[in-house]
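Below, each chain spelled out in residue letters.
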Amino acid sequence: MSALRPTSVLAALLLLSPGCTSSRPTAQAESPATQATAAPALAPAQVALRAFVDAHFEEHFRRSPMAATSAGVHTYDAELRGFRPEERASHLAYLKERLEALPKAVDRATLPPLDKADYDILENHFRARILDYETVRAWERNPNVYLGVASNAVFQLINRDFAPLEQRMASAVKRMATVPEVFTVAQATLKNPPKLWTEIALQQAQGTRALYAQTLPAAFGPVKDAALQEAFKQDQAKCLAAIDGYLRFLKDDLLPRSKGDFAIGEETYRKKLQYEEAVTEDIDSLLAWGKSELKRTQDQFREVAGRITPGKAPMDVYRELGKEHPAPAELVPTTLATLEEIRQFLIERRIITVPSEVRARVAETPSFNRALSFASMSTPGPFEQKATEAYYYVTPPDPAWNAEQTTQHMSFYNRYALPIVSIHEAYPGHYVQFLWTNRVESKVRKLLGSGSFAEGWGLYTEQMMLDEGYGGGTGPQADRLRLNQLALYLQRLARYVAGLSLHTRGMTYEQAVRLFEEEAYMTRINAEREARRGTSDPTYLVYALGKKMLMELREDAKAQWGKDFSLQRFHDQVVSYGYPPVPIVRRLMLGEAPAPHPVR
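This one's a predicted model, so the numbers in the text were calculated from it and none came from an experiment.

Caption draft 1: Spatial organisation of the packing of aromatic side chains. According to the stated counting rule, one finds 17 aromatic pairs in the structure shown. Between the aromatic rings of Trp289 and Tyr496, the centroid separation amounts to 5.2 Å while the plane-to-plane angle is 65°, which identifies the pairing as edge-to-face. Of this pair, Trp289 sits in helix α14 (residues 283-308) while Tyr496 is found in helix α22 (residues 476-504), placing the two residues 207 residues apart along the sequence. Three or more aromatic residues joined by ring pairs form one cluster here, namely Phe183, Tyr246 and Phe249. Over the face of the ring belonging to Trp436 we find Arg439, whose NZ or CZ atom lies 4.8 Å from the ring centre. The ring of Tyr543 has Arg495 sitting right over it, with the charged end atom 4.6 Å from the ring centre.

Take a look at the structure:
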């Protein structure tokens, strides 16, 4: 499950751009940073920081048109670049120059706490992107990167009605004219990827082909402009030919020579944790906690299963609950009904302020992104003016699957698990978090975030809501919900251990599959999906890591605030900053701490 943290093809795409969800305002909308600059009594360092930030995002979107579109900036909707070798080299040089220029332009020591947080986030953002370009090198090692570019270049133009359909179709046609070059560059660039990644790309490419062959013509069908339709058909044919050529390349050329290692290594892993999550703890300590927490949660899982069906094996109890799931055709309406019940509970219990009456839309996960995702929250860019809807995606079974595969897949959405998933994705998880982030004035904290905060918050809310009495608090219904909450937590803990072990301790893909099966009680098909993701998403430990840090922060806030502590006050304040790394949230809430020394 994911939201602000990108996964699958989106993660691959983001390795070609310098930020997760960066943005600048459209020409018609004044940005939060511009508004803040106009406010009185800003110190010189604050003015300098805002100018630096504005200039960076302006340049970022010029270089990364898809990131601009995603953020609600539609100046570059008809453009596609950032994937060519010369563009990568130029971008890397730019990032290094900005990293060097930041301390010269802005005196960090004189900034107030919120601005100091912005400075640190931006500085580490530059370091993280440089690390991606120079060391992780997904653009050279992962064939899914280029499928991500080809898919998202057009999908983001049909996903939301931010402009008239004819206008968006014209933009798509212009981007489509460049898509064949994306695959030409891919074939010239890719070197010795892990075999598993090429196999995944072969699967993902079928979704990309379906997007071009079926989804786009259906989306643009209502457009009456005959010339535009003809131009679309011509470029569609070229794109499909390029995708088919890429499929042949993957199967006949790249797959036989795909013998690379997916592991990024301990040094790179430590740097990613510091730059992206502000976490400096050593790998051994992180692993020790993960394994200990995995065992503790397994013990709790067995205890709850014993209350539900005494004498029965815990995994059998859990799998029995998995049989109570909606039919595939009922997945979306069942999910929608569940959301309303959860939303009402958290409002009545004053768990967190919900700053909008607007609901998220529930929809099926786009076909090209189903290989690695069960459920996700897709939110509009922070500067989107018109198409402001958010989508809660759930993944239906593949029509080509047999009955057993379909049953295994749908067991994930059983009647006791779906509420937990929906808590994580929507209320009070990612959707409520998104609503709060939209209120943040700081451009940096509105647009640059951390996986450990975003996903840690979602995971934290799963346990917190049950602790607060959702599902009745006690009794058979509560135990069934709790068993599924623990099962989902075990999966995130398995991600935690697998991510660290796959990339720093020599764990193999097959060992990771067994970890998910044996330690997190997952079915084979779902365990394989999780292990595949872990090979290319090394820091998907952020779910459990973020929850750990948020639980610790809550206890420390209780101790510091005393009688002034309330759950609603704590939650409202936590999400009021955007989604920066949790250690930065901690220092903003409980006091300043020295900036960590970068890992060299």
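Caption draft 2: A look at the packing of helix α25 (residues 542-561) against helix α26 (residues 567-575). For the pair α25 and α26, the least separation of the axes is 11 Å and the interaxial angle reads 125°. By the angle class used here, α25 and α26 are oblique. Here α25 and α26 pass one another in a crossing that is right-handed. Within the contact between the two elements, α25 uses Leu550, Leu553, Arg554, Ala557 and Trp561 and α26 uses Leu567, Arg569, Phe570, Gln573 and Val574. Grouping the amino acids of the contact of α25 with α26 by side-chain chemistry returns seven nonpolar, one polar and two charged.

Caption draft 3: Inspection of the side chain of Arg343 at higher detail. Inspection of the secondary structure assignment puts Arg343 in helix α16 (residues 331-348). Discounting chain neighbours no more than four positions away, the residues touching Arg343 are Val354, Ser356, Glu357, Arg359 and Tyr427.

Caption draft 4: Region of the structure containing the environment of Arg296. Mapped onto the elements of the fold, Arg296 is located in helix α14. Sequence separation of Arg296 and Pro419 is 123 residues, and the distance between their C-alpha atoms is 23 Å.

Caption draft 5: Up close: the pattern of salt bridges. Scanning the model with the defined rule gives 48 salt bridges in all. Salt-bridge contacts for Asp244 lead to Arg209; the nearest nitrogen and oxygen are separated by 2.7 Å. One end of the pair, Asp244, is in helix α12 (residues 226-254); the other, Arg209, is in helix α11 (residues 195-220), and 35 residues separate them in sequence. Judged by relative accessible area, which is 23%, Asp244 ranks as partly exposed. Residue classification places Arg209 among the partly exposed positions, given a relative accessible area of 27%. Across the pair Glu340 and Arg359 runs a salt bridge, and its minimum N-O distance is 2.9 Å. Note that Glu340 is positioned in helix α16 and Arg359 in the loop between α16 and β1 (361-364), a separation of 19 residues in sequence.

Reading guide: rules and limits
- Residues numbered from 1 in each chain as written.
- Predicted model: local features only at pLDDT ≥ 70, side-chain atom pairs only at ≥ 80, totals over all residues.
- Heavy atoms only, no water.
- Phe/Tyr/Trp six-rings, centres within 6.5 Å; stacked < 30°, edge-to-face > 60°.
- Helix = DSSP H or I, 4+ residues; strand = E, 2+ residues; numbered from the N terminus.
- Lys NZ or Arg CZ within 6 Å of the ring centre and 35° of its normal.
- Axes fitted to C-alpha atoms, helices over the stretch in contact; angles between N-to-C directions.
- Parallel < 35°, antiparallel > 145°, perpendicular 65-115°, else oblique.
- Left-handed = near helix turned anticlockwise from the far one by under 90°.
- Contact = heavy atoms within 4.5 Å.
- Nonpolar A, V, L, I, M, F, W, Y, C, P; charged D, E, K, R; others polar.
- Salt bridge = Lys/Arg side-chain N within 4 Å of Asp/Glu carboxyl O.
- Buried < 20%, exposed > 50% of the residue type's maximum accessible area, 1.4 Å probe, protein only.

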